[in-house]
Amino acid sequence: MSEQLSINQQNAAGQLTIGGVAASQLAEEFQTPLVAYDVTKIRDQIRRFKSVFEDNGVSYAVSYASKAFAAIAMYQVVDQEGGHIDVVSAGELYTAMQAGFPMANVSFHGNNKSREELELAVAQHVGVIVLDNFHEIELLDAVLAEANTAVRVMLRITPGISAHTHEYDQTGQEDSKFGFDLNSGQAARALQTVLKNPRMNMIGIHAHIGSQIFELNGFQMAAEKLVQVASDWRDQYGYQPSVINVGGGFGIRYTQADDPIAPEAFVDAIIKTIKQSASDHGLDLPAIWIEPGRSIVGPAGYNLYTIGSRKDVPGLTSYLTVDGGMGDNIRPALYQAGYEAVLADNPMGEPVETVHVAGKYCESGDILIDQQPLPESQPGDVLVMLDTGAYGYSMASNYNRNPRPAVVFVEKGQAQLVIKRETLADLTRLDQPYRPSTD
Ligand SMILES: Cc1ncc(COP(=O)(O)O)c(C=O)c1O
Ligand SMILES: N[C@@H](CCCC[NH3+])C(=O)O
């Protein structure tokens, strides 16, 4: 039984509901494996972030980090809620274009943006390009000269802060592939280069220290560091940023062992730190931007699977296998990430056993949940993994030539398909079939 399921997520028959629809009904209608989002949860989290800023009376942007989950529908919902987005590839940008997302509210990130990607971003008049390295500054300069236009930019700096999270999720430490290093003077050199460039309108500074962070400390240190940098740059170069972007990374609860503070509490502390620090340095308060990904979509997402085979190793353990796995959620295998699951039609049932929830992929490490207590189950029952909305579908693969699942958005009792299930034919489609050499 999961304490995460609030009572209003069950219907009168005791079934788990998502967005007002029984999970097992979604599974029947759209088949499994299936990714389902409760859209109200997405909207509520964006609103909670916005109200923290409003309560603190600061200019802001809540810029959804769309790498966590990108789809036309997702961009439409973020736009409806007045959010901005961050994109990191032509693919995400193109998807946002297809959604009719206002390009002025797009930040373009990435540590190796290609010339084509920069050309697309410039042609689309994205709101800001977040510069990451010297090569990119040169490339963008060439693209802007050719298009005879200008663009707003920010500099991403590495503040030299190691966040307490999985090593793969750290990005703010000095030894990071992202951003301009502060200590060696790279960041200051980048600033001078950009300030001299009449086609680049430098609006602010960005730092992102990592993902799935539970501690306030790292964010407060990063916020202070950014204000310190802003104050140094004002004193040394007469440049004052109008935006400080503190990135995302607010940790969420995946299992009962996790005990994070609410995402908006992180943001409240960051805002207060920046306000205090700006006042200490006599700096005009810049707008504060955040880039949450996981905290907006993680708790809103559910992976639905059908239970299939079972293996009991006498005296040892049991494997319950579902019809998906590491192809639709690589996080357990990649980061040893923990999750919880329930039976769709008996979410609050008393557990009678503890099983390994195994995926169907040819890989011993394809275990979705290491130790899951469950009530009695049968092949054909629907198992629902909770809090899978971030970096699940977005990191999906076709390993073992398994098609990627469908994605549905569910709201107010209505489910809509937002990403089609891949078909077997999708896996082999080629305009020009390969002809093996016969010589
Ligand atoms: C630049 C940047 N912003 C925002 C995010 C979003 O992080 P999260 O999904 O942990 O909120 C990331 C990913 O870690 C990122 O690299
Ligand atoms: N993919 C990572 C988060 C990466 C964040 C991107 N900088 C995860 O699932 O935890």
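Residues numbered from 1 in each chain as written. Chains lettered and ligands numbered in written order. Predicted model: local features only at pLDDT ≥ 70, side-chain atom pairs only at ≥ 80, totals over all residues. Heavy atoms only, no water.

## Remarks on the packing of aromatic side chains
Each aromatic ring pair is summarised here by two numbers: the centre-to-centre distance and the angle between the ring planes.
Here comes step 1: A full pass over the atoms with the stated rule returns 13 aromatic pairs.
Here comes step 2: For the ring pair Y75 and F101, a centre distance of 6.3 Å and an interplane angle of 65 degrees mean the geometry is edge-to-face. Here F101 lies in the loop between α4 (90-98) and β6 (106-108) and Y75 lies in helix α3 (residues 72-80), a separation of 26 residues in the sequence. Residues Y75 and F101 agree in their burial class; the two are buried.
Here comes step 3: In this structure, K113 packs its charged tip against the face of F108, placed 5.9 Å from the ring centre. (Phe/Tyr/Trp six-rings, centres within 6.5 Å; stacked < 30°, edge-to-face > 60°. Helix = DSSP H or I, 4+ residues; strand = E, 2+ residues; numbered from the N terminus. Buried < 20%, exposed > 50% of the residue type's maximum accessible area, 1.4 Å probe, protein only. Lys NZ or Arg CZ within 6 Å of the ring centre and 35° of its normal.)

## Section: the nonpolar core
Here comes step 1: If you look at the biggest cluster of nonpolar residues, it comprises 87 residues, and the most contacted ones within it are F69 and W233.
Here comes step 2: For this core, the element with the most residues is helix α8 (residues 216-237), which contributes eight residues.
Here comes step 3: Setting aside its immediate chain neighbours within four residues, W233 contacts L155, I157, A187, A188, L191, M202, I205, G238 and Y239.
Here comes step 4: Core analysis: the second largest hydrophobic core is formed by 20 residues, I18, Y302, L304 and V410 among them. (Core = buried A, V, L, I, M, F, W, Y, C linked by side-chain atoms within 4.5 Å. Contact = heavy atoms within 4.5 Å.)

## Quick look at the pattern of salt bridges
Between side chains of opposite charge, a pair can form when the charged atoms approach closely.
Here comes step 1: What the rule picks out here adds up to 14 salt bridges.
Here comes step 2: In this structure, D426 engages R429 in a salt bridge whose closest nitrogen and oxygen atoms are separated by 2.6 Å.
Here comes step 3: On the basis of relative accessible area, D426 is assigned to the partly exposed category, the value being 31%.
Here comes step 4: It is possible to trace a salt-bridge network through shared partners that takes in R43, R47, E81 and E411. (Salt bridge = Lys/Arg side-chain N within 4 Å of Asp/Glu carboxyl O.)

## A closer look at the UniProt feature "binding site: pyridoxal 5'-phosphate" (unreviewed entry) in the protein chain
Here comes step 1: UniProt records the feature "binding site: pyridoxal 5'-phosphate" (unreviewed entry) at G249, E291, P292, G293, R294 and Y391, using the numbering of this structure.
Here comes step 2: Tracing the chain through its elements places R294 in helix α10 (residues 294-297).
Here comes step 3: At 2.7 Å, the side chain of R294 and the side chain of S211 are in polar contact.
Here comes step 4: Its location among the elements puts Y391 in the loop between β18 (382-386) and β19 (406-411).
Here comes step 5: Residue classification places Y391 among the buried residues on the basis of a relative accessible area of 15%. (UniProt positions renumbered as here; feature names shortened; annotations may be inferred. Polar contact = N/O pair within 3.5 Å; in protein donor to acceptor, adjacent residues only side chain to side chain.)

## Digging into the site of ligand 1
Here comes step 1: Not every one of the 16 residues close to ligand 1 is listed here, only the nearest: H208, S211, E291, R294 and Y391.
Here comes step 2: A distance of 3.1 Å is found between an oxygen atom of ligand 1 and a side-chain nitrogen or oxygen belonging to K67.
Here comes step 3: Interatomic distance of 2.7 Å between a side-chain N/O atom of H208 and an oxygen atom of ligand 1.
Here comes step 4: About the coverage of ligand 1: the protein hides 93% of its 390 Å² of free accessible area.
Here comes step 5: In terms of residue class, the shell around ligand 1 is built from three nonpolar, eight polar and five charged. (Near = heavy atom within 4 Å. Areas by Shrake-Rupley, 256 points an atom, 1.4 Å probe, with all protein chains shown as cover. Nonpolar A, V, L, I, M, F, W, Y, C, P; charged D, E, K, R; others polar.)

## Describing unusual backbone geometry
Here comes step 1: Looking along the chain, the bond that leaves T32 and enters P33 is cis, with omega of -10 degrees.
Here comes step 2: Phi angles above zero are rare outside glycine, and N148 is one such case at about 50 degrees.
Here comes step 3: With respect to the helices and strands, N148 occurs in the loop between α6 (134-147) and β8 (151-158).
Here comes step 4: For N148, a relative accessible area of 60% translates into the label exposed.
Here comes step 5: A positive phi angle, near 50 degrees, is found at K412, a position not held by glycine.
Here comes step 6: Note on placement: K412 falls in the loop between β19 and β20 (414-419).
Here comes step 7: By relative accessible area, K412 is classed as exposed at 75%.

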